[in-house]
Amino acid sequence: MSEQDLSAYASMWTTERAQWELHRIGDGYLPIMKGDPPMPQMICDDELADLVIAQMLAVGVAVVDHS
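Residues numbered from 1 in each chain as written. Predicted model: local features only at pLDDT ≥ 70, side-chain atom pairs only at ≥ 80, totals over all residues. Heavy atoms only, no water.

### A look at the overall build of the chain
For step 1, the next point in the chain: Regarding its fold elements, the chain presents two helices and four strands.
For step 2, the next point in the chain: For the chain, the succession of helices and strands along the chain, N to C, is α-β-β-β-α-β.
For step 3, the next point in the chain: Over its C-alpha trace the chain gives a radius of gyration of 11 Å, about what one expects of a compact globule, namely 11 Å for 67 residues.
For step 4, the next point in the chain: Burial statistics for the chain: of 67 residues in total, 25% are counted as buried. (Helix = DSSP H or I, 4+ residues; strand = E, 2+ residues; numbered from the N terminus. Rg over C-alpha atoms; globule rule 2.2 N^0.38 Å. Buried < 20%, exposed > 50% of the residue type's maximum accessible area, 1.4 Å probe, protein only.)

### Some words on the nonpolar core
For step 1, the next point in the chain: With 13 residues, the main nonpolar core has Tyr 9, Met 12, Trp 13, Ile 43, Leu 48, Val 52 and Met 56 as its most contacted residues.
For step 2, the next point in the chain: Looking at this core, the elements that each hand over two or more residues are strand E1 (20-25) and helix H2 (46-58).
For step 3, the next point in the chain: Counting residues per element, this core draws most heavily on H2, at five residues.
For step 4, the next point in the chain: What Trp 13 contacts, discounting residues up to four positions off in sequence, is Leu 6, Val 52, Gln 55, Met 56 and Val 59. (Core = buried A, V, L, I, M, F, W, Y, C linked by side-chain atoms within 4.5 Å. Contact = heavy atoms within 4.5 Å.)

### Here's the deal with the sheet that holds strand E3 (residues 39-40)
For step 1, the next point in the chain: The four strands lie next to each other as E3-E2-E1-E4, forming an open sheet whose pairing is mixed. The outermost strands of the open sheet, each flanked by one partner alone, are E3 and strand E4 (63-65).
For step 2, the next point in the chain: One ladder, built from three bridges, connects E1 with E4; its direction is parallel. Residue His 23 lies in a different strand from E4, and its bridge partner there is Val 64. (Pairing = 2+ DSSP bridges.)

### Section: the pairing of E1
For step 1, the next point in the chain: For E1 and strand E2 (residues 28-33), the ladder comprises six bridges, and the chain directions are antiparallel. Bridged to Arg 24 within E2 is Tyr 29.
For step 2, the next point in the chain: Counting the residues between successive antiparallel strands, the hairpin from E1 to E2 contains two residues, one of them, Gly 26, with a positive phi of roughly 65 degrees.

Shown next, in the form of structure tokens:
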């Protein structure tokens, strides 16, 4: 995947970073936009989802543990 492929999601770890958190569910993470109600961001491509989550983790997006 190139950076261009991630551009549609880049705000999740850049300009809108404070509006997002990662919910740890089992062995994975689900990006959630904070709010009332919280809104999950479903990414159907597993490889793309892994890249987006890795970027979010790298910049310190908050993680909520549901174990």
